[in-house]
Amino acid sequence: MLNNNAFLSELDEIIASRHLLKHPFYQLWSEGKLSLDSLRQYAKQYYSHVLAFPTYVSGAHSNCAAIKDRQELLGNLIEEEGGQTTHAELWLRFAEALEVSRDEVEQTVPLPETAALDASFSDLTKRRSFIAAIAALYAYELQLADVAESKQAGLKQFYGITERRGLEFFIVHRSIDIVHARTTREMLARHTIDEESRGIAKEAVKEATDALWSFLDGVQREYVTKAA
């Protein structure tokens, strides 16, 4: 049987193979080759994931039997939406920096892939086991710090967004998701102790990364390829 470090490295390899920064949409972003309209449409679509993400953390929390793990997840949840400046609010400010109104964002009809992303994460974190939930969170959070850094750099260099108000979502996630990924990784190390639990975690990581990648496929198709 693999030891925990080897198994976690295996999970990391799955995530790395579908890392969001490898997706053509994010590569175009980092090169300054997306139109502003493509960015605006992306901002409108991605809002639903940002808005729902605290409920995924809450799902993992409610599935958890260990008080230490619940406390750590609660800390994550409080950071997401424990004050007036929630992460959803920070995303709306980013959209405003792109000259997209809050009403436009909040009233956007999700693409099929956007709806599927929410359905996948809701299922993984709320209706399956605690191991599936934290594996899904890990698959997302492990990528987010690097993604946030890359997005922020592209926005400043190519799209004229330099004010902190418009960039704060990415500034915040550049730091906190390093901690969040470490926390969920430690939980996985404690709880994936046999072949069954490791199989659950591995499948959840695959599903989560596939859903995230597919979301960008939908955005790329509708707002880049069809717009060309």
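Quick caveat: nothing in here was measured; it's all calculated off a predicted structure. (Residues numbered from 1 in each chain as written. Predicted model: local features only at pLDDT ≥ 70, side-chain atom pairs only at ≥ 80, totals over all residues. Heavy atoms only, no water.)

J.: Describe in detail the overall build of the protein, supporting the description with residues and values.
T.: Scanning the protein from terminus to terminus reveals 10 helices and zero strands. Shown N-terminal to C-terminal, the secondary structure of the protein runs as helices and strands in the order α-α-α-α-α-α-α-α-α-α. By the compact-globule yardstick of 17 Å for 228 residues, the protein fits well, its C-alpha radius of gyration being 17 Å. When its C-alpha atoms are laid out on the principal axes, the protein stretches across 50 × 35 × 30 Å. The burial tally for the protein puts 49% of its 228 residues in the buried class. The contacts in the protein between residues at least 6 apart in sequence include a share of 82% that link residues at least 24 apart. Surface summary for the protein: the accessible area is close to 10100 Å², and the carbon and sulfur share equals 51%. Averaging the locations of the 25 positively and 34 negatively charged side chains of the protein gives two centres separated by 2 Å. (Helix = DSSP H or I, 4+ residues; strand = E, 2+ residues; numbered from the N terminus. Rg over C-alpha atoms; globule rule 2.2 N^0.38 Å. Buried < 20%, exposed > 50% of the residue type's maximum accessible area, 1.4 Å probe, protein only. Contact = heavy atoms within 4.5 Å. Areas by Shrake-Rupley, 256 points an atom, 1.4 Å probe, with all protein chains shown as cover. Lys, Arg positive; Asp, Glu negative; His and termini not counted. Charge placed at Lys NZ, Arg CZ, Asp CG, Glu CD.)

J.: Which residues make up the packing of helix α7 (residues 112–127) against helix α10 (residues 195–225), and what are the values?
T.: The geometry of α7 relative to α10 is characterised by a closest axis approach of 8 Å and an angle of 165 degrees between their N-to-C directions. Taken together, the axis directions place α7 and α10 in an arrangement best described as roughly antiparallel. Relative to α10, the crossing made by α7 is left-handed. In contact with Glu113, Thr114, Leu117, Ser120, Phe121 and Leu124 of α7, α10 contributes Ala204, Glu207, Ala208, Ala211, Leu212, Ser214, Phe215, Gly218 and Arg221. Partitioning the contact of α7 with α10 into residue classes produces eight nonpolar, four polar and three charged. (Axes fitted to C-alpha atoms, helices over the stretch in contact; angles between N-to-C directions. Parallel < 35°, antiparallel > 145°, perpendicular 65-115°, else oblique. Left-handed = near helix turned anticlockwise from the far one by under 90°. Nonpolar A, V, L, I, M, F, W, Y, C, P; charged D, E, K, R; others polar.)

J.: Any details on the pattern of salt bridges? Residues and values, ideally.
T.: Scanning the model with the defined rule gives 21 salt bridges in all. Salt-bridge contacts for Arg128 lead to Asp123; the nearest nitrogen and oxygen are separated by 2.7 Å. The class of Asp123 is partly exposed, set by a relative accessible area of 25%. Taken together, the shared-partner salt bridges in this structure form one network comprising Glu89, Arg93, Glu96, Arg102 and Arg165. (Salt bridge = Lys/Arg side-chain N within 4 Å of Asp/Glu carboxyl O.)

J.: Can you tell me about the environment of Trp213, naming the residues and giving the values?
T.: Of note, Trp213 is situated in helix α10. By relative accessible area, Trp213 is classed as buried at 13%. Setting aside its immediate chain neighbours within four residues, Trp213 contacts Arg18, His19, Leu20, Lys22, His23 and Pro24.

J.: Quick rundown of the nonpolar core? Include the residues and the values.
T.: Counting residues in each nonpolar core, the largest one holds 73 residues, and the members touching the most others are Phe25, Trp29, Tyr42, Trp91, Phe94 and Leu155. With 15 residues, the single largest contributor to this core is helix α8 (residues 130–158). (Core = buried A, V, L, I, M, F, W, Y, C linked by side-chain atoms within 4.5 Å.)

J.: Please provide a residue-by-residue account of the packing of aromatic side chains, values included.
T.: Throughout the structure, instances matching the rule amount to 21 aromatic pairs. These aromatic residues form a ring-pair network of at least three members: Phe25, Tyr26, Trp29, Tyr42, Tyr46, Trp91, Phe94, Phe169, Phe170 and Phe215. Geometry around Tyr46 places Lys151 over its ring, the cationic atom sitting 4.9 Å from the centre. (Phe/Tyr/Trp six-rings, centres within 6.5 Å; stacked < 30°, edge-to-face > 60°. Lys NZ or Arg CZ within 6 Å of the ring centre and 35° of its normal.)

J.: Explain unusual backbone geometry to me, and be specific about the residues and the numbers.
T.: Residue Glu99 is not a glycine yet carries a positive backbone phi of 70 degrees. With respect to the secondary-structure elements, Glu99 resides in the loop between α5 (87–97) and α6 (102–106). Accessibility expressed as a relative area gives 66% for Glu99, which makes it exposed.

J.: I'd love a proper account of the environment of Gln27, names of residues and values included.
T.: Structurally, Gln27 can be placed in helix α2 (residues 24–30). On the accessibility criterion, Gln27 (35% relative accessible area) is partly exposed. Through-space distance from the C-alpha of Gln27 to that of Gly154 is 9.9 Å; in sequence the pair is 127 residues apart. Once you skip the residues sitting within four places of it in the chain, Gln27 turns out to touch Leu21 and Lys22. In this structure the side chain of Gln27 is engaged in a polar contact, spanning 3.4 Å, whose partner is the backbone oxygen of Lys22. (Polar contact = N/O pair within 3.5 Å; in protein donor to acceptor, adjacent residues only side chain to side chain.)

J.: Requested: an account of the packing of α7 against α8, with residues and values cited.
T.: Running from N to C, α7 and α8 cross one another at 135 degrees; their axes reach a closest spacing of 6 Å. The angle between α7 and α8 places the two elements in the oblique class. Considering the relative orientation of α7 and α8, their crossing is left-handed. Where α7 approaches α8, its residues Phe121, Leu124 and Thr125 are matched on the opposing element by Ala132, Ala133, Ala136, Leu137 and Tyr140. Tallied by class, residues from the contact of α7 with α8 come to seven nonpolar, one polar and no charged.

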